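Residue-level structural notes
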Amino acid sequence: MYMTSRYRYTSGVQLLILLAMFCTSCKKFLDKNPNDQATVPVKLEDLQALLDNAIVMNNATVSWGEASADDYFWMPDTYDAMGLPDQQAYTWVRQDYTVYPNDWSAGYQPVYNANFCMEGLEKIDKHPLNEKNWNNVMGSALFFRAYHFLQLAGNHAKAYDVASYEKDPGIALRTHSDFNIPSMRANVKSTYEQIIRDARSSADYLPDNPSHPLRPSKAASYGLLARCYLTMRIYDSAFKYSDLCLKIKNTLMNFNGDPDIVNLSGNVPFVAYNKETIFYTQMNSFKKIYSPSFSLIDSTLCSYFQPGDLRKTAYFSSVGPYYKFKGNYTGNSNIFFSGLAVDEILLIRAESLARIGKTDEAMNDLNNLLVSRWDKNRTYIPITAANGQEAVNIILKERRKELLMRGLRWPDIKRLNKENRNIILKRVIRGNSYFLPPNDERYALLLPIDIILQSGMEQN
């Protein structure tokens with residue numbers, strides 16, 4: 001099944017009530033009958049309210065991949081103070097975990113809502129008076145399903161590889177709301193085909209720009225497709241969709257004094273929903289081991305930022321000889337942004353251009369990003385590259401610097417090691433070293449044990 005066992009035996013009506021209770025600010029969509037039995041949503045407004053439930057739909061994207069990646073480290077006393085499950089996650093020890101809530105349950109709750117809304121639309125005729133709202137519900141539901149499928153695949157599926165994607169296990173592709181139907185794992189090929197199909201279809205229904213960044217849009221659909229194709233290493237398509245996205249939304253913050261910057265040196269530099277945000281989501285807090293309360297940023301990574309690069313001030317606060325990360329686009333230093341933003345899409349377009357042989361255009365995109373982050377009192381010297389491979393190497397370094405702690409590093413490591421980048425992860429605890437070699441089986445994170453036991457799906 002796709003939901004944790006805590007929900008599996010809940011009746012459909014009870015589940016809808018639980019979902020409604022997640023967000024009291026949403027319009028109540030269940031009415032009581034005289035016999036005190038709840039009814040399901042029947043109006044477009046009700047379905048839209050279900051998709052507008054940000055607590056479920058936007059505020060709990062996967063975090064275990066970020067916890068497993070290499071942009072942070074622990075001091076020994078932090079390791080000692082952590083519980084065994086967190087210590088195991090930090091050192092990539094396999095664990096049949098049963099902790100609830102978890103990435104799997106949080107990822108499939110919005111998928112359930114999306115499926116429910118699409119099924120609800122089958123009972124509502126589209127006509128000129130409701131066409132705009134009907135399209136928004138359909139497009140949003142398709143987008144949310146694709147978005148969370150991609151998040152889950154980044155965690156639990158192997159890296160996309162045409163040499164093995166028909167046998168590599170992907171994720172459970174739930175495309176209906178009947179949770180009594182057992183889940184089965186699709187292969188990686190089918191997983192990504194479903195994500196692309198949903199994301200492409202969503203763009204046909206959605207407006208160019210949303211009424212609020214918590215809602216999907218055509219720009220977000222294109223950005224999602226760009227992110228997906230980059231993960232698949234299909235760079236011509238990654239270019240196509242990043243370019244389409246940036247033709248709709250391409251505004252960058254100027255770090256020299258943008259209205260959406262509160263204070264570069266403050267604990268919370270950026271406002272939430274700033275002008276770079278295309279679609280807003282944030283990581284769940286189930287795996288807090290990368291939180292600034294516990295973690296420090298890799299010292300080598302911090303050294304990559306040159307004098308004049310304002311990102312070092314914006315992203316880090318110093319703690320003795322080390323640094324903590326604070327540069328979230330959430331308006332909160334402890335809540336990590338995982339959504340789509342202009343800087344990410346610009347870097348996708350730059351990398352894709354470099355990989356398809358358009359080096360000068362790639363470097364133009366990169367320089368446009370970097371100059372917006374550069375101290376206006378220092379001369380910015382544009383970066384150049386002699387060829388496409390040099391450009392790719394430069395852009396990948398800037399990608400890691402720009403997109404810190406957004407849930408992107410884990411899938412990046414997986415895809416780049418398929419290109420023989422030989423990224424080896426290492427943790428050191430009191431003289432003991434732990435390694436995660438390239439293309440290791442542990443890059444496909446485990447499914448919850450109760451899901452395996454009750455569905456019979458294959459474990460990673």
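Use the structure listed above.
Predicted, not measured: the structure shown is a model, and the values here were computed from it. (Residues numbered from 1 in each chain as written. Predicted model: local features only at pLDDT ≥ 70, side-chain atom pairs only at ≥ 80, totals over all residues. Heavy atoms only, no water.)

With that settled, the discussion passes to the overall build of the protein chain. Regarding its fold elements, the protein chain presents 19 helices and 10 strands. Over its C-alpha trace the protein chain gives a radius of gyration of 22 Å, about what one expects of a compact globule, namely 23 Å for 460 residues. Taken along the three principal axes of its C-alpha coordinates, the protein chain extends 70 × 55 × 45 Å. For the protein chain, with 460 residues in total, the buried portion stands at 60%. Here the protein chain contributes 52 positive and 48 negative side-chain charges, whose respective centroids are spaced 2 Å apart. (Helix = DSSP H or I, 4+ residues; strand = E, 2+ residues; numbered from the N terminus. Rg over C-alpha atoms; globule rule 2.2 N^0.38 Å. Buried < 20%, exposed > 50% of the residue type's maximum accessible area, 1.4 Å probe, protein only. Lys, Arg positive; Asp, Glu negative; His and termini not counted. Charge placed at Lys NZ, Arg CZ, Asp CG, Glu CD.)

What follows is about the side chain of N284. Looking at the secondary structure, you find N284 in the loop between strand 4 (277-279) and strand 5 (296-297). Polar contacts involving the side chain of N284 include one to the main-chain amide nitrogen of F286, which spans 3.0 Å. Sequence-distant contacts of N284, that is, excluding residues within four places in its chain, are made with N59, A60, T61, V62, S63, D103 and Y290. (Polar contact = N/O pair within 3.5 Å; in protein donor to acceptor, adjacent residues only side chain to side chain. Contact = heavy atoms within 4.5 Å.)

Turning next to empty space enclosed by the protein. Rolling a probe over the atoms, with the probe sized like a water molecule, indicates the empty space that remains. All chains considered together, the criterion is met by 4 cavities of 30 Å³ or more. Roughly 260 Å³ of internal volume is contained in the largest cavity. In terms of lining, the largest cavity is formed by 22 residues, of which the most central are Q151, G154, G407, L408 and P411. Elements represented by at least two residues in the lining of the largest cavity include exactly helix 5 (64-68), helix 9 (131-156), helix 11 (218-232) and helix 18 (409-417). Across the lining of the largest cavity, the residue classes break down as 8 nonpolar, 8 polar and 6 charged. Empty space within the second largest cavity amounts to approximately 90 Å³. W64, S68, Q88, A89, W92, V93, R94, Q95, R442, L445 and L446 together form the lining of the second largest cavity. Elements that contribute at least two residues to the lining of the second largest cavity include exactly helix 5 and helix 7 (84-90). (1 Å grid on protein atoms, 1.4 Å probe; cavity = no way out; pocket = protein on both sides within 12 Å on 5 of 7 lines; lining within 4 Å. Points joined across faces, edges and corners; volume = space filled by probe spheres on them. Nonpolar A, V, L, I, M, F, W, Y, C, P; charged D, E, K, R; others polar.)

Here the focus is the packing of aromatic side chains. Under the criterion given, the structure shown has 33 aromatic pairs. Here the aromatic rings of Y273 and Y280 are separated by 4.9 Å at their centres, their planes lie at 65°, and the arrangement is edge-to-face. Classification of Y280 as buried rests on a relative accessible area of 3%. In this structure an aromatic cluster arises from ring pairing among F255, F270, Y273, Y280, F305, Y315, F316, Y323, F325, Y329, F336 and F337. (Phe/Tyr/Trp six-rings, centres within 6.5 Å; stacked < 30°, edge-to-face > 60°.)

Before going further, it helps to spend a moment on the layout of surface pockets. One number sums up the size of the largest pocket: a volume of about 360 Å³. Together, 17 residues line the largest pocket, and D70, Y72, D298, R400 and K426 are the ones closest to its centre. Listed by contribution, the elements that provide at least two residues to the lining of the largest pocket are strand 1 (72-73), helix 13 (299-303) and strand 9 (425-429). One number sums up the size of the second largest pocket: a volume of about 310 Å³. Every residue lining the second largest pocket is counted, 15 residues in all, and those nearest its centre are L396, K397, R400, R409 and L416. Mapped by element, the contributors of at least two residues to the lining of the second largest pocket are helix 17 (388-402) and helix 18.

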